[in-house]
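Residue-level structure breakdown
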Amino acid sequence: MAAPVVHTLDNGLRVAVEPQPWNPGLSFTILVPVGATSDPEERLGAASMLETWLWKGAGPRGARAFADALDALGVRRQSGAGVEYTTFSASLLPEGFPAALELYADLLMRPHLPDDAFDSVRALALQELAALEDQPPRKLLGRLRRGAFASPHGQPVEGEREALERMTPDALREEYRRRYGAGGSILAVSGGVDPDEVFRIAEKHLGAWSGEAPPPPAVRLTVPHRFHIQQETEQVQIGLFYKDVPPGHYDYYASRLAVAVLSGGMSSRLFTEVREKRGLVYAVSASPGSVKGFGYLTAYAGTMPERAQATLEVMEEEIERLAQGVSREELDRAKVGVRADLVLSGESSRARAGALARDLFILERARSLEEVEAEVMDVTLERINAFLAGRPYRDPWIGSLGTVEVGA
């Protein structure tokens, strides 16, 4: 696979292209650094509402005509706001790329943001917020992130009811003008395309885009602590949050492989010890997470109230036990799992476009799959065990949700 090529337009928009000559399709992702971290406290949820509102008409087209134009090109689209950024993605045939990018340029640079669509956008945001009450794991993990970060990285992507109800069309338009711009934004393209042609088309349709998003805030953490959300549920939800190394750190893939040992399949430590041997839970997992410049590990379990305390204790024991090292068999199995994920993602132009955009945002450079795979394979048994011994996972933030408080 050819290495990605990156070019920065005069307006600050970075464009990354990974040619896939064998691929008859094409995908692109536009990443705009507008997320919950840049929502003002009195406007929590603004980034998420803006993402929905932008689709209500742009350029010379109303909402229906805009959707029809994308459908006529066969565009499979996806978009969403997150903690640090909002992405707009599309997959289509290569010959439709110039017309599709022109439509997305209208979306980003010339949105209508119509008054008559605002109430429906807000209603959707309120429904999304209300849906959290029916998703206890998601609710708990969101609160866990909010409890761990003292900086805006803990702000809820879905916003808060009071802020959403106070939001006005003028306030949201102000947020659009303040935060949407070429500076800091990224266009990543993967598929059967020529990089120089992509740069030319990007310059034609996005070269006049002006403005720049505010700089990201610095990460600040609270002191590790415990909290409980009292809620009538059948199961108790348990979440743990540990500090970890960030992407780009020398030991990042040692950390990733350690997480795979913990939670990389049915032979992983958490699944084996917590579920299979002791029968404590119906669901248990651990996963890596990151924001720009900071990495973390979260672990989750859902269990019956009478088993909640034992579940927490075994989870903490298993995660701390990583400091004693992993076996060669565990490391080899973890590498196979991570490499399989890489290979499978390499088959998808959409996944690669998204990965290129995230790389440029987080690392300030775009990596090939081969480079990532080489970093994984460079992790030896001695190296991962030295990392785990020198940086043990201890003193987590702990949250629980349900009828029983754990770890009190």
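Note that this is a predicted model, so its numbers are computed, not measured.

Here we look at the packing of helix α1 (residues 46–53) against helix α4 (residues 115–131)
- Between α1 and α4, the shortest axis-to-axis distance is 10 Å and the interhelical angle comes to 130°. Relative to α4, the element α1 lies oblique. The hand of the α1/α4 crossing is right-handed. Seen from α1, the contacting residues are Met49, Thr52 and Trp53; seen from α4, they are Ala117, Phe118, Val121, Arg122, Leu124 and Ala125.

Side note on the UniProt feature "domain: Peptidase M16 N-terminal" (unreviewed entry) in the chain
- In the numbering adopted here, UniProt assigns the feature "domain: Peptidase M16 N-terminal" (unreviewed entry) to residues 14–157.
- A distance of 25 Å separates the end C-alpha atoms of residues 14–157, which is 42% helix and 21% strand.

Describing the sheet that holds strand β9 (residues 226–230)
- Here we have five strands laid out as an open sheet, ordered β9-β13-β10-β12-β11, and mixed in their pairing. Two strands bound the open sheet, and with one partner strand each, they are β9 and β11 (283–291). Along the sheet, successive strands turn relative to each other by an average axial angle of 15°, direction set aside.
- Looking at chain direction, strand β10 (residues 236–244) and strand β12 (residues 294–303) are connected through nine bridges and run antiparallel. Bridged to Tyr242 within β12 is Leu297.

Section: the domain arrangement of the chain
- Along its sequence, the chain is organised into domain 1 (5–207) and domain 2 (226–402).
- On a C-alpha basis, the centroid separation for the pair domain 1 and domain 2 is 28 Å.
- Counting from both sides, the interface comprises 38 residues of domain 1 and, opposite them, 36 residues of domain 2.
- Regarding the contact of domain 1 and domain 2, the summed buried area is about 2,900 Å², with carbon and sulfur atoms giving 70% of it.
- A per-residue breakdown of the area domain 1 buries against domain 2 is headed by Glu84, Leu140 and Leu144, which together make up 20% of the total.
- Joining domain 1 to domain 2, the criterion identifies two salt bridges.

Some points on the packing of helix α2 (residues 63–72) against helix α3 (residues 97–109)
- Interhelical geometry of α2 versus α3 gives an angle of 150° and a closest axis separation of 10 Å. Taken as axis vectors, α2 and α3 run roughly antiparallel relative to one another. Of the two possible hands of crossing, α2 and α3 adopt the one that is left-handed. Between α2, through Phe66, Ala69 and Leu70, and α3, the contact on the second element is made entirely by Leu103, Tyr104, Asp106 and Leu107.

Points about the sheet that holds strand β3 (residues 26–32)
- With mixed pairing, the six strands of this open sheet are ordered in space as β1-β2-β8-β3-β7-β6. Edge positions in the sheet fall to β1 (5–8) and β6 (76–81), since each of these pairs with one other strand and no more. Along the sheet, successive strands turn relative to each other by an average axial angle of 15°, direction set aside.
- The strands touched by helix α13 (residues 349–363) are β1, β2 (14–19), β3, β6, β7 (86–92) and β8 (186–191); relative to β3, the strand with the most contacts, the crossing angle is about 30°.

Focus on helix α14 (residues 369–377)
- Along α14, the positions that sit buried rather than exposed are Leu369, Val372 and Val376. All buried residues of α14 fall inside an arc of 65° around its axis, so they share one side.

What about α3?
- Between its terminal C-alpha atoms α3 stretches 18 Å, which fits the 18 Å expected from 13 residues at 1.5 Å a residue.
- Of all 13 residues in α3, 10 are buried; the element is thus mostly enclosed.
- Buried within α3 are the following residues: Phe97, Ala100, Leu101, Leu103, Tyr104, Ala105, Asp106, Leu107, Leu108 and Met109.

Digging into the packing of aromatic side chains
- Inspection of the entire model under this criterion finds 16 aromatic pairs.
- Between Phe149 and Tyr296 the ring centres are 6.1 Å apart and the planes differ by 80°, which places this aromatic pair in the edge-to-face class. Of this pair, Phe149 sits in the loop between α5 (136–148) and α6 (161–166) while Tyr296 sits in strand β12, and the two are 147 residues apart along the sequence.
- On the basis of relative accessibility, which here comes to 3%, the residue Phe149 falls in the buried class.
- Cluster of aromatic residues (ring-pair linked, three or more members): Phe28, Trp55, Phe66, Phe88, Phe97 and Tyr104.

Here we look at the pairing of β10
- Burial analysis of β10 places eight of its nine residues in the buried class, which makes it a mostly covered element.
- Pairing of β10 with strand β13 (residues 397–402) involves five bridges; the strand directions are antiparallel. Note that in β13 the partner of Gly239 across the bridge is Gly399.

Some remarks on the nonpolar core
- Phe28 and Tyr104 are the most contacted members of the largest nonpolar core, which totals 56 residues.
- Ranked by the residues each element gives to this core, the list is headed by α3, at nine residues.
- Residue contacts for Tyr104: discarding those within four places in its chain leaves Phe28, Ile30, Trp55, Leu70, Val75, Arg77, Phe88, Ser89 and Ala90.
- Leu240, Leu262, Leu331 and Phe387 belong to the second-largest nonpolar core, a separate cluster that totals 45 residues.

Things to note about the pairing of β2
- Among the six residues that make up β2, six are buried, leaving the element largely enclosed by the rest of the structure.
- A two-sided burial pattern is seen for β2, the buried positions comprising Arg14, Ala16 and Glu18 on one face and Val15, Val17 and Pro19 on the other.
- Bridge analysis of β1 against β2 gives four bridges, and the strand direction is antiparallel. If you follow His7 over to β2, its bridge partner there is Val15.
- Between β1 and β2, which pair antiparallel one after the other, the connecting turn spans five residues, and Gly12 there sits at a positive phi close to 100°.
- Bridge count between β2 and β8: six bridges; the pairing is parallel. Among the inter-strand pairings, Glu18 is bridged to a residue of β8, identified as Ser190.

So, how was this worked out
- Residues numbered from 1 in each chain as written.
- Predicted model: local features only at pLDDT ≥ 70, side-chain atom pairs only at ≥ 80, totals over all residues.
- Heavy atoms only, no water.
- Axes fitted to C-alpha atoms, helices over the stretch in contact; angles between N-to-C directions.
- Helix = DSSP H or I, 4+ residues; strand = E, 2+ residues; numbered from the N terminus.
- Parallel < 35°, antiparallel > 145°, perpendicular 65-115°, else oblique.
- Left-handed = near helix turned anticlockwise from the far one by under 90°.
- Contact = heavy atoms within 4.5 Å.
- UniProt positions renumbered as here; feature names shortened; annotations may be inferred.
- Pairing = 2+ DSSP bridges.
- Domains from an automatic or database assignment.
- Buried area = accessible area lost by both parts, 1.4 Å probe.
- Salt bridge = Lys/Arg side-chain N within 4 Å of Asp/Glu carboxyl O.
- Buried < 20%, exposed > 50% of the residue type's maximum accessible area, 1.4 Å probe, protein only.
- Arc of directions from axis to C-beta.
- Expected span 1.5 Å × (residues − 1).
- Phe/Tyr/Trp six-rings, centres within 6.5 Å; stacked < 30°, edge-to-face > 60°.
- Core = buried A, V, L, I, M, F, W, Y, C linked by side-chain atoms within 4.5 Å.

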